[in-house]
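# Fold and geometry: a report
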Amino acid sequence: VGDRVIAMNRHGMWQELAVVPANRTFPIPEAMSFEEAAALPVNYMTAYMMLFEMANLRPGKSVLIHMAAGKKHSKIFFHTLKYLNNLSSGHIVAPIS
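Small disclaimer: the values here were computed from a predicted structure and weren't measured. (Residues numbered from 1 in each chain as written. Predicted model: local features only at pLDDT ≥ 70, side-chain atom pairs only at ≥ 80, totals over all residues. Heavy atoms only, no water.)

Tallying secondary structure elements over the protein gives two helices and four strands in all. Sequence-ordered secondary structure for the protein, helices as α and strands as β, is β-β-α-β-α-β. Expressed as a percentage of the 97 residues in the protein, the buried residues total 18%. In the protein, the share of contacts with a sequence separation of at least 24, taken over all contacts with a separation of at least 6, comes to 57%. (Helix = DSSP H or I, 4+ residues; strand = E, 2+ residues; numbered from the N terminus. Buried < 20%, exposed > 50% of the residue type's maximum accessible area, 1.4 Å probe, protein only. Contact = heavy atoms within 4.5 Å.)

Right under this line is the structure:
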């Protein structure tokens, strides 16, 4: 109780208060603001939906993401893409500056 966490759930997250199982919460790193933490689930879920639902990324398929990220967020973006790529067994190519 009282810890700074990110919570992810399938529904009910647009409320002022939400109750979620403990296994759907993740600690927010000290250096991260609440605003940055709030953006993570939204951005991650958007990337997931775009790759697997819209682009239909499947094993053996490839996808090219133009202008993937700038210098500030490339490390986080790279690790997210690497994780998503491992889920798919496909090939994600994402040039970054």
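Attention now goes to the packing of aromatic side chains. To describe a pair of aromatic rings, you give the distance between the ring centres and the angle between the ring planes. Inspection of the entire model under this criterion finds zero aromatic pairs. Lying across the ring of phenylalanine 34, arginine 4 places its NZ or CZ 4.8 Å from the centre. (Phe/Tyr/Trp six-rings, centres within 6.5 Å; stacked < 30°, edge-to-face > 60°. Lys NZ or Arg CZ within 6 Å of the ring centre and 35° of its normal.)

The next point concerns the environment of glutamate 30. Note on placement: glutamate 30 falls in the loop between strand 2 (25-27) and helix 1 (34-54). Remark: the alpha-carbon pair of glutamate 30 and arginine 4, spanning 26 residues in sequence, is separated by 8.7 Å.

Right, let's get into helix 1. Taking 1.5 Å per residue, 21 residues should reach 30 Å; helix 1 reaches 29 Å between its end C-alpha atoms and fits that length. When helix 1 is considered as a whole, its buried residues turn out to be Ala37, Pro41, Leu51 and Phe52. Two residues or fewer after helix 1 comes asparagine 56, characterised by a positive phi angle close to 55°. (Expected span 1.5 Å × (residues − 1).)

To continue, consider the confidence of the model for the protein. For the protein, per-residue confidence averages 76 on the pLDDT scale, and residues scoring 70 or more make up 77% of the total. Within the protein, no element has a lower average pLDDT than helix 2 (residues 74-88), which sits at 67, and none a higher one than strand 2, at 89. (pLDDT = per-residue confidence, 0-100.)

Here we take up the environment of asparagine 23. With respect to the helices and strands, asparagine 23 occurs in the loop between strand 1 (5-7) and strand 2. Measuring from C-alpha to C-alpha, the distance between asparagine 23 and alanine 7 comes to 9.0 Å, with 16 residues separating the pair along the chain.

Time to look at the environment of valine 20. Following the sequence through the fold, valine 20 ends up in the loop between strand 1 and strand 2. Valine 20 sits 13 residues away from alanine 7 along the chain, and the two C-alpha atoms are 7.2 Å apart. Valine 20 has contacts with Ala7, Asn9, Met13 and Thr25, leaving out every residue within four places of it along the chain.

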